[in-house]
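Read off the chains here:
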Amino acid sequence: QVQLVESGGGLVQPGGSLRLSCVASGSILSIGIMGWYRQAPGKQRELVASIGSGGSTSYLHSVNGRFIVSRDNFKNLVALQMNNLKPDDTAVYYCNAPVEYSPGHWYDFWGQGTQVTVSS
């Protein structure tokens, strides 16, 4: 059994910062590209940032230059540093990771979600 557990959400004023973390645990042989998604009320879930095992990153245009995704392969951890937050960043944030849980068998796992609210 594999679990992704997120932490770090909360309420922050516009212009503030938050750091999200997600740790994968359980039967893990390998992890593919890890990503952070978000879903605001009434909107579709969207990919915010992703990072490969080698460190290559990709960002949603609207967060580029404000958010930084990082990864620790030894700890099976992915983090999202969010700076200069805006009200439009308000959403539930989810981490995602394709995990090889037995040789040759992969499954796409999701965290439980953490609320980020940007408001004055």
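Throughout what follows, the structure given in this document is the object of discussion. Just so you know, these numbers come straight off a predicted model, no measurement behind them. Every residue gets a number counted from 1 within its own chain, in the order that chain's sequence is written. For a predicted model such as this one, the threshold for reporting local features is a pLDDT of at least 70, and the threshold for listing and counting side-chain atom pairs is 80 or more; totals across whole chains, interfaces and linings nevertheless cover every residue. To obtain the side-chain values, all non-hydrogen atoms of the structure were used and water was disregarded.

With that settled, the discussion passes to the overall build of the protein. Looking only at helices and strands, the protein features zero helices and 12 strands. For the protein, the α and β elements follow one another from N to C terminus as β-β-β-β-β-β-β-β-β-β-β-β. The buried label goes to any residue with under 20% of its type's maximum accessible area, the exposed label to any with over 50%, and the partly exposed label to all in between, with areas taken from a 1.4 Å probe on protein chains only. Counting all 120 residues of the protein, 41% fall into the buried class. Residue contacts follow a heavy-atom distance rule, with two residues in contact if any of their heavy atoms lie within 4.5 Å. Contacts in the protein between residues at least 24 apart in sequence constitute 55% of all its contacts with a sequence separation of at least 6. On the protein, the mean spot of the 8 positive side-chain charges and the mean spot of the 7 negative ones are 6 Å from each other. The numbering of helices and of strands both runs from the N terminus, where a helix is a DSSP run of H or I of at least 4 residues and a strand a run of E of at least 2. Charge counting follows a simple rule: Lys and Arg are positive, Asp and Glu are negative, and His as well as the terminal groups are ignored. Where a charge lies is defined by one atom per residue type: Lys uses NZ, Arg uses CZ, Asp uses CG and Glu uses CD.

This brings us to the packing of aromatic side chains. Pairing of aromatic rings covers Phe, Tyr and Trp, the last through its six-membered ring, and needs centres within 6.5 Å; plane angles under 30 degrees mean stacked, over 60 mean edge-to-face, and all others mean tilted. The full count for this structure, using the stated rule, is two aromatic pairs. Placement of a positive charge over a ring is assigned whenever Lys NZ or Arg CZ falls within 6 Å of the ring centre and within 35 degrees of the normal to the ring plane. Sitting over the face of the ring of Trp110, Arg45 holds its NZ or CZ atom 4.7 Å from the ring centroid.

Time to look at the state of the cysteines. Count a disulfide wherever a pair of cysteine sulfur atoms falls within 2.5 Å. Counted according to the given criterion, the structure contains one disulfide. Note on cysteine connectivity: Cys22 is disulfide-linked to Cys95, with sulfurs 2.0 Å apart. The disulfide joining Cys22 to Cys95 has a torsion of about 45 degrees about its S-S bond and is therefore right-handed. In this pair, Cys22 sits in strand 3 (residues 18-26) while Cys95 sits in strand 10 (residues 91-102), placing the two residues 73 residues apart along the sequence. Judged by relative accessible area, which is 0%, Cys22 ranks as buried.

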